[in-house]
Amino acid sequence: MKRNLFIILLSALCAVPAASVNAATSAKRIAFSNNYAGNSWRQAMLKSYGMMAKTAVANKVVAAADIFTAADTSVPTQAAQIQNLILQHYDAIVINASSPTALNGTIQQACSAGVVVVSFDGTVTAPCAYRVLTDYEAMGREEVQQLARLRPKGGNLLEIRGVAGTSIDARMHAGIVAGVKAHPSFKIVGSVTGNWDQTTAQKAVASILPSLPPVVGVVDQGGDGYGAAQAFAAARLPIPVVVMGNRQDELAWWQQQKAKYGYETYSGSTAPGISTLAFWVAQQVLDGKKIPHDLIVPYPSFNQSNFEAVLRTIPKGGVANREYTQAEAIAAIKANAK
């Protein structure tokens, strides 16, 4: 399915002409409500959005594309932020949400006020909102599928979860559980919270290792693979197959271990530039285009044969990424409408 969607999207893109300045939205203002900025993925997400927003404003596609990051990850803080954006009369709000459901009342307030809401990454379930989706459940299942390929005899797994209460964490966990059910030779014997951050993950994994039986694999949500590997190394334990999340430090460590021991694993994560796709979806809705409320986009993943090529393109401390153009957004919309 993922490969087919890539083909459809690329075919649609070939039929889309280069985007021109859209006077219909030149006076519109789009705000970005972000609930968390504490890891390399989120920093890349904000950088991608900021670069794209600056260009879109300079080209008079929109009048403003401002970024607002909440002071903490709590739902009340982000809800208050969104209410403030409504009062400031933004025409659309792009949101990376702290909860899939707890913000729905505030989201409905925005919709009732005529504000277009487009959620991505951390999506919301409010029916009036648009969602730019990565299939995180499929991503979780794929992690276990890759472990089954690399460790066909199965064994014990350690799960590292993300930020509690977010849709990403819930869906990734559900996918991992489904993957284990499909491959019953695996068993999850421990779970810790890593908050998508390598330092937090390293401490959490180090704290649980003394109580765990030997594990053959670590399933996680991105941003925590390198920290997990460091925890195993510090404990002088054999390093299992640790699933990676496309971060530069993870892939660089993988490259080192491959050169020394032939170490093999798998890496997959949403591109942080999905934030730019969400912006263009909001712009297209403001332009009066009919758009499905749910758009599913593929995520980049890498294996033993191709991860080193992408590693050369990622800045130190960064993550594998891409930004989307308006034309690519239109192509993605057309691909999802089929």
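Residues numbered from 1 in each chain as written. Predicted model: local features only at pLDDT ≥ 70, side-chain atom pairs only at ≥ 80, totals over all residues. Heavy atoms only, no water.

Student: Even after reading the chapter, I still don't get the packing of aromatic side chains, so can you show me in this structure?
Tutor: In this description, a pair of aromatic rings is defined by centroid distance and the angle of the planes. Under the definition given, this model contains eight aromatic pairs. Arranged with centres 5.7 Å apart and planes meeting at 50 degrees, the rings of F32 and F120 form a pair that is tilted. In this pair, F32 is assigned in strand 1 (residues 29–34) and F120 in strand 4 (residues 116–120), connecting sequence segments 88 residues apart. Given the relative accessible area of 0%, F120 is considered buried. Both rings, one in W254 and one in F307, keep their centres 3.7 Å apart while their planes meet at 5 degrees; by these two values the pair is stacked. (Phe/Tyr/Trp six-rings, centres within 6.5 Å; stacked < 30°, edge-to-face > 60°. Helix = DSSP H or I, 4+ residues; strand = E, 2+ residues; numbered from the N terminus. Buried < 20%, exposed > 50% of the residue type's maximum accessible area, 1.4 Å probe, protein only.)

Student: Explanation requested: the sheet that holds strand 6 (residues 155–161) in the structure shown.
Tutor: Paired through their backbone hydrogen bonds, the strands of a sheet run either parallel or antiparallel. The sheet built from four strands is open, its strands ordered 7-6-8-9 with parallel pairing. Looking at which strands have only one partner, the edges of the open sheet turn out to be strand 7 (186–193) and strand 9 (241–242). Two strands pair when backbone bridges link them, and strand 8 (residues 217–219) and strand 9 are joined in this way by two bridges, in the parallel orientation. Bridging across to strand 9, V218 finds its partner in V242. Across the sheet, helix 7 (residues 198–208) lies against strand 6 and strand 7, angled at about 125 degrees from strand 7, the strand it touches most. (Pairing = 2+ DSSP bridges. Contact = heavy atoms within 4.5 Å. Axes fitted to C-alpha atoms, helices over the stretch in contact; angles between N-to-C directions.)

Student: Help me out: how do you make sense of the environment of V132 in this one?
Tutor: Topologically, V132 is positioned in strand 5 (residues 130–133). By relative accessible area, V132 is classed as buried at 1%. For the pair formed by V132 and F186, sequence separation is 54 residues and the distance between their alpha carbons is 32 Å.

Student: Is there a simple way to think about the nonpolar core in this case?
Tutor: Note on soluble globular proteins: their nonpolar side chains tend to be buried together. Among the nonpolar cores identified, the biggest contains 37 residues, and I30, Y49, V94, V118, F120, V132 and F279 are the most heavily contacted of them. Among the elements of the structure, strand 1, helix 2 (40–58), strand 3 (92–96), strand 4, strand 5, helix 10 (274–286) and helix 12 (326–337) are those that each provide at least two residues to this core. Once residues lying within four places of it in the same chain are set aside, the contact partners of V94 are I30, A31, F32, S33, Y49, V118, F120, A278, F279 and A282. Formed by 28 residues, the second largest nonpolar core is a distinct cluster that contains L158, L212, Y263 and I314. (Core = buried A, V, L, I, M, F, W, Y, C linked by side-chain atoms within 4.5 Å.)

Student: Would you mind showing me how to read unusual backbone geometry here?
Tutor: Trans peptide bonds make up the majority, and among non-glycine residues the majority have a negative phi. For D121, which is not glycine, the phi torsion reads 60 degrees and is therefore positive. With respect to the helices, strands and loops of the structure, D121 is situated in the loop between strand 4 and strand 5. According to the relative accessible area criterion, D121 is buried, its value standing at 6%.

Student: What is the right way to read helix 6 (residues 167–182) from this model?
Tutor: Residues that lie three or four places apart on an α-helix share one face, since the helix turns once every 3.6 residues. End to end, helix 6 covers 22 Å across 16 residues, agreeing with the expected 22 Å (1.5 Å per residue, within 8%). Listing the buried residues of helix 6 in full gives S167, I168, D169, R171, M172, G175, I176, G179 and V180. (Expected span 1.5 Å × (residues − 1).)

Student: Got a minute to help me understand the environment of V116 in this structure?
Tutor: Mapped onto the elements of the fold, V116 is located in strand 4. Separated by 213 residues in the primary sequence, V116 and A329 place their C-alpha atoms 17 Å from one another.

Student: Before we go on, may I ask you to explain helix 12 in this structure?
Tutor: Helix length check: helix 12 (12 residues) gives 17 Å between terminal C-alpha atoms against 16 Å at 1.5 Å per residue, within 8%. Most of helix 12 sits inside the fold, with nine of its 12 residues counted as buried. All buried positions along helix 12 are accounted for by Q326, A327, E328, A329, A331, A332, I333, A335 and N336.

Student: Help me understand the environment of T166 in this model?
Tutor: Note on placement: T166 falls in the loop between strand 6 and helix 6. Among the residues examined, T166 registers a relative accessible area of 3% and is labelled buried. Between the C-alpha atom of T166 and that of N96, which follows or precedes it by 70 residues, the distance is 9.8 Å. With residues near it in sequence (within four places) discarded, T166 still touches S98, P100 and W196. A polar contact of 2.8 Å, which involves the side chain of T166, links it to the backbone oxygen of V163. (Polar contact = N/O pair within 3.5 Å; in protein donor to acceptor, adjacent residues only side chain to side chain.)

Student: Help me understand the pattern of salt bridges in this model?
Tutor: Side chains that carry opposite charge are capable of pairing whenever their charged atoms lie near each other. Scanning all chains against the criterion turns up seven salt bridges. The partner of R149 in a salt bridge is E264, and the shortest N-O contact between them spans 3.3 Å. Pair noted here: R149 is in helix 5 (residues 136–150) and E264 is in the loop between helix 9 (248–261) and strand 10 (267–268), with a separation of 115 residues, a long-range link. Note that D287 and K289 form a salt bridge whose closest N and O atoms lie 2.4 Å from each other. K289 gets classed as partly exposed once you look at its relative accessible area, which sits at 39%. (Salt bridge = Lys/Arg side-chain N within 4 Å of Asp/Glu carboxyl O.)

Student: What is the right way to read the confidence of the model for the protein from this model?
Tutor: Atom-level detail of predicted coordinates should not be read off regions where pLDDT is low. Across the protein, pLDDT averages 92, with 93% of residues at or above 70. A low-confidence stretch, residues 1–21 stays under pLDDT 50, and its non-local contacts, those more than four residues away or across chains, total 28 contacts. (pLDDT = per-residue confidence, 0-100.)

Student: What's the story with the pairing of strand 1 in this structure? I'm lost.
Tutor: Of all six residues making up strand 1, five are buried, and the element is well covered by its neighbours. One ladder, built from six bridges, connects strand 1 with strand 2 (residues 64–69); its direction is parallel. When the sheet's bridge partners are listed, F32 is paired in strand 2 with I67. As paired elements, strand 1 and strand 3 share five bridges and run parallel to each other. The residue bridging I30 from the neighbouring strand is A92, located in strand 3.

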